Amino acid sequence: QVQLVESGGGLVQAGGSLRLSCAASGSIFSINAMDWYRQTPGKQREWVARITSGGITTYADSVKGRFTISRDNARNTLYLQMNSLKPEDTAVYYCKILTTYNQYWGQGTQVTVSS
C-alpha cells in the first residue's frame, strides 16, 4: 500500500517562507514524475510544480522564481520550498506521484499566508 504524507504547512506572514515535505512509503515502481498541486475552496486543483525522474523541474508561472521543488531519493521524500509567500498562495497543498501505471495523492497540508 502506497502512502504519501504531507507536512510543513502552517500560518505565515506575507513575504515569509515555508518548506513542505511529502514522505512516501510502500512499494512505488517506475516513477515518471512527482508534482505539487494546490486547491482553494470552490476552485479546481491547480498544478504548482513538477520534478521528473530525470530531475527536470517545471513551475507554474504564478510561483516561478519563488518556489523550488526537490526530492531526496534516499529518504523517499519530495519537497517544496516556498519563499516570498503571498496571500494568494493560501491553499491546501497536495503532492502526487505519477508512475507508469498509477498515480498517488497525499492528504494535503494547509498553507495560510496572512497579509
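Quick notes on the rules
Residues numbered from 1 in each chain as written. Predicted model: local features only at pLDDT ≥ 70, side-chain atom pairs only at ≥ 80, totals over all residues. Heavy atoms only, no water. Phe/Tyr/Trp six-rings, centres within 6.5 Å; stacked < 30°, edge-to-face > 60°. Lys NZ or Arg CZ within 6 Å of the ring centre and 35° of its normal. Salt bridge = Lys/Arg side-chain N within 4 Å of Asp/Glu carboxyl O. Buried < 20%, exposed > 50% of the residue type's maximum accessible area, 1.4 Å probe, protein only. Core = buried A, V, L, I, M, F, W, Y, C linked by side-chain atoms within 4.5 Å. Helix = DSSP H or I, 4+ residues; strand = E, 2+ residues; numbered from the N terminus. Contact = heavy atoms within 4.5 Å. Pairing = 2+ DSSP bridges. Axes fitted to C-alpha atoms, helices over the stretch in contact; angles between N-to-C directions.

## With respect to the packing of aromatic side chains
Reasoning step 1: Applying the stated criterion across every chain, the model contains one aromatic pair.
Reasoning step 2: If you follow Arg 45 out to its NZ or CZ, it ends over the ring of Tyr 94, 3.7 Å from the centre.
Reasoning step 3: The aromatic ring of Trp 105 is capped on one face by Arg 45, whose charged end is 4.7 Å from the ring centroid.

## Things to note about the pattern of salt bridges
Close approach of charged atoms lets side chains of opposite charge pair.
Reasoning step 1: Per the counting criterion, the structure on display carries six salt bridges.
Reasoning step 2: Here Arg 38 ties to Glu 46 by a salt bridge, and the two come within 2.8 Å at their closest N and O atoms.
Reasoning step 3: With relative accessibility at 6%, the residue Arg 38 sits in the buried group.
Reasoning step 4: Through salt bridges with shared partners, a single network forms among Arg 38, Glu 46, Arg 66 and Asp 89.

## Concerning the nonpolar core
Reasoning step 1: Trp 36, Leu 80, Met 82 and Tyr 93 are the most contacted members of the largest nonpolar core, which totals 26 residues.
Reasoning step 2: For this core, the elements supplying multiple residues, two or more each, are strand E3 (18-25), strand E4 (31-39), strand E5 (46-52), strand E7 (67-72), strand E8 (77-82), strand E9 (91-99) and strand E11 (109-114).
Reasoning step 3: Each residue touching Tyr 93, except ones within four places of it in the same chain, is listed here: Glu 6, Leu 20, Trp 36, Tyr 37, Arg 38, Val 48, Phe 67, Leu 80, Met 82, Gly 108, Thr 109 and Val 111.

## A word on the sheet that holds E8
Reasoning step 1: With antiparallel pairing, four strands are arranged side by side in an open sheet as E1-E3-E8-E7. For this open sheet the edge positions go to strand E1 (3-7) and E7, each flanked by a neighbour on one side alone. Strand-to-strand twist of the sheet, defined as the mean angle between neighbouring strand axes without regard to direction, takes the value 15°.

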